[in-house]
Structure formats: structure tokens, C-alpha cells
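Geometric and topological summary
In case you want the letters, here they are:
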Amino acid sequence: MRQLSRRAALALGAAGAALGFVGSGRPASAAAKEAADQIAQFTGGKAAEKGKVSIELPEIAENGNTVPLSVTVDAPMDNDNYVSDILVLADGNPNPGVATFHFSPISGKAAASTRIRLAATQNIIAVAKTSKGEFFTNQKLVKVTIGGCGG
Amino acid sequence: MAEKPRLKLPAEAKKGDVIEIKTLLPHVMESGQRKDKDGNAIPRKIINKFACEFNGKPVFSVNLDPAIAANPYMQSTQRSTRAAHSNSHGLTTTAQSRRLKKK
């Protein structure tokens, strides 16, 4: 992969040490396609309805190394109908996968918070699955000033 | 890993309350994307699974990808099935780390 390393070297020189994102060198659309593939795998090809899922993220993340993220699904958590899984993807990272949360009825609420890494300005996509096999989705754009993929 | 994982729970809970469970796991979460100063990729080393159980029953679990920041912070909730005090809560959390080969 001679071309890639040359590109990485160029990016390093231009960005000056640690600031540049010297990653896989893949175009963003490849990650977006992979994200779409992962969603299709998660839903088994079913279309996810937009809504019910809320994503909390800062509008502008100054440091992509640690960005607070909260995902909440506005759905009942009863024994026979609850939110079982939430898939979270970042479509501009070298690998789109962020995390998959699994819930049970005794979770009480389909809500989780964590801190994530973001390489660049991109969309965060969350897809929720209920025990009845329904899917809900939402996405949010987050602007990243300094990417969090090393360099 | 000298630091101990931290777990924070409310001191007391009534039956039916939805309580917040906060955990902080000290871990580098090396993404596998970074390179050392000689240009060699630093191998990926992450926590890939986190689980929280109440008296053996699963409450919440997470599959983590490299996009989770270092020292993973996880916040989730649980509905109390009985009144409890923080030193007898019956809650177990486990984290699993597995070294994966880069694809």
C-alpha cells in the first residue's frame, strides 16, 4: 500500500504533527456504505421508522477523542414489549460501528450514555429494535473540530 | 491497569424506582488506527463487551467498538424490583477484553 503511506506522509506534513486525521485513507462514502450495510444486517432488511429515538450530542465537538453521547428511546419497557437493542453508528469514522446496547425489561428505560470517538464531522445514526421486531431510527450531525483517531 | 473500575449507584432505592447505574472502566481502548513514531500500527486492544446483571438476570449489556473513547464511561438504568440499599444491591458488572487481529 505504497500510495496510502505516501498520502499519510503528505497529510502529516500538511497538518503538522498530531492534528491531522491520518487514518485509513478511505473516502467517507465507503464508511457510509458500510454503515448502511450494518443497519441492513441489524434490521434484517426491514425499513426502520424515523422517530422515537433521540440522540443527545454536542452540536460542535471540539475534541473528537471523547464526545459525550446519550441515546434514549421513547417506547414502553414492559415484559412483552420492550426495546431490546440499540445500534449506534458513526458514518464518517474509519469503522462505522460505535456500540450496540442491549436492554431487558428490568432496565426500566431504554436509555444509555457513553463517550465516543469521532474522526471528523459526520452523522451519528441510532437504530432501535423492539422485542416485537419493530425498528426506529434517527440521526444527528455533529461537527468535529479535532478528530479523535490519533495521527 | 492499576486503577479500579468505578461504579456509582444511588444510596437507596424504593421498589419500582428507575435508578441510574454509572460505571467508569479504566482502559486505553487502543483503536488499532494509531501509529507509533516509526509508522507501525499500534495493535487494537479494546474492551469489547460490558454486561450488567441483577441477581444473575441480565439488565443491560453493550458491545463496544473502537469508537468508544478511552476509559469507557457507561450509564444505564434499572427498575428496582425491591427496595435496596447500596451495600446489598445484588448488581454485578463485568467487562471483557479480547485482543483482536486487525481485519
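What comes next concerns the included structure. Residue indices begin from 1 for each chain and proceed along its sequence in written order. Labels are handed out in written order, letters beginning with A for the chains and numbers beginning with 1 for the ligands. Residue-level local features of this predicted model are given only where pLDDT is at least 70; pairs of side-chain atoms are given and counted only at 80 or more, and the full residue set underlies all totals for whole chains, interfaces and linings. As a rule here, side-chain values come from all non-hydrogen atoms in the structure, and water together with hydrogens is ignored.

1. A short note on the interface of chain B and chain A
Where we set the bar: We call two residues contacting when some pair of their heavy atoms lies within 4.5 Å. Accessible surface is computed with a 1.4 Å probe, and the buried area is the amount of it that two parts give up when combined, taken over both parts together. Salt bridge, as applied in this entry: a Lys or Arg side-chain nitrogen positioned within 4 Å of an Asp or Glu carboxyl oxygen. Pairs of N or O atoms are called polar contacts if they sit within 3.5 Å, as long as, within protein, a hydrogen donor faces a hydrogen acceptor (for residues adjacent in sequence, only side-chain-to-side-chain pairs).
Counting from both sides, the interface comprises 31 residues of chain B and, opposite them, 32 residues of chain A. Between chain B and chain A, a total of about 2,400 Å² is buried, with carbon and sulfur atoms accounting for 48% of that surface. At the boundary of chain B with chain A, the tally comes to zero salt bridges. If you look at where chain B meets chain A, you find 19 residue pairs in polar contact (both at pLDDT 80 or more).

2. Focus: the pattern of salt bridges
Residues and elements named next belong to chain B. This is how the line gets drawn: Think of it in three bands: residues with accessible area under 20% of the maximum for their type are buried, residues over 50% are exposed, and the middle band is partly exposed, with areas taken using a 1.4 Å probe on protein chains only.
Summed over all chains, the structure comprises three salt bridges over all chains. Across the pair Lys-22 and Glu-20 runs a salt bridge, and its minimum N-O distance is 3.9 Å. For Glu-30, the salt bridge is made with Arg-34, and the minimal N-O distance between the two is 2.9 Å. On the accessibility criterion, Arg-34 (37% relative accessible area) is partly exposed.

3. A short note on the environment of Met-77 of chain A
Counted only if it meets this: Only DSSP runs of H or I covering at least 4 residues are called helices, and only runs of E covering at least 2 are called strands; the numbering of each starts at the N terminus.
Locating Met-77 of chain A in the fold gives a position in the loop between strand E4 (67-73) and strand E5 (83-90). Assessed through its relative accessible area of 5%, Met-77 of chain A is described here as buried. For Met-77 of chain A, the residues in contact, after removing those within four places along its chain, are Tyr-82, Val-83, Phe-103, Ser-104, Pro-105, Ser-107, Gly-108, Lys-109 and Ala-110 of chain A together with Arg-79 of chain B.

4. A few points about the pairing of strand E7 (residues 110-116) of chain A
Looking along a regular strand, one sees the side chains alternate between the two faces of the sheet. Under the convention used in this document: The pairing criterion is simple: DSSP has to find at least two bridges between the two strands.
With respect to burial, E7 of chain A is a largely interior element, six of its seven residues being buried. Where E4 of chain A and E7 of chain A come together, seven bridges link them in antiparallel fashion. Its bridge partner lying in E7 of chain A, Val-73 of chain A is registered against Ala-110 of chain A. As judged from the two bridges shared by E7 of chain A and strand E6 (residues 73-79) of chain B, these two strands associate in the antiparallel manner. Residue pairing for E6 of chain B: Ser-113 of chain A is matched across the bridge by Gln-75 of chain B.

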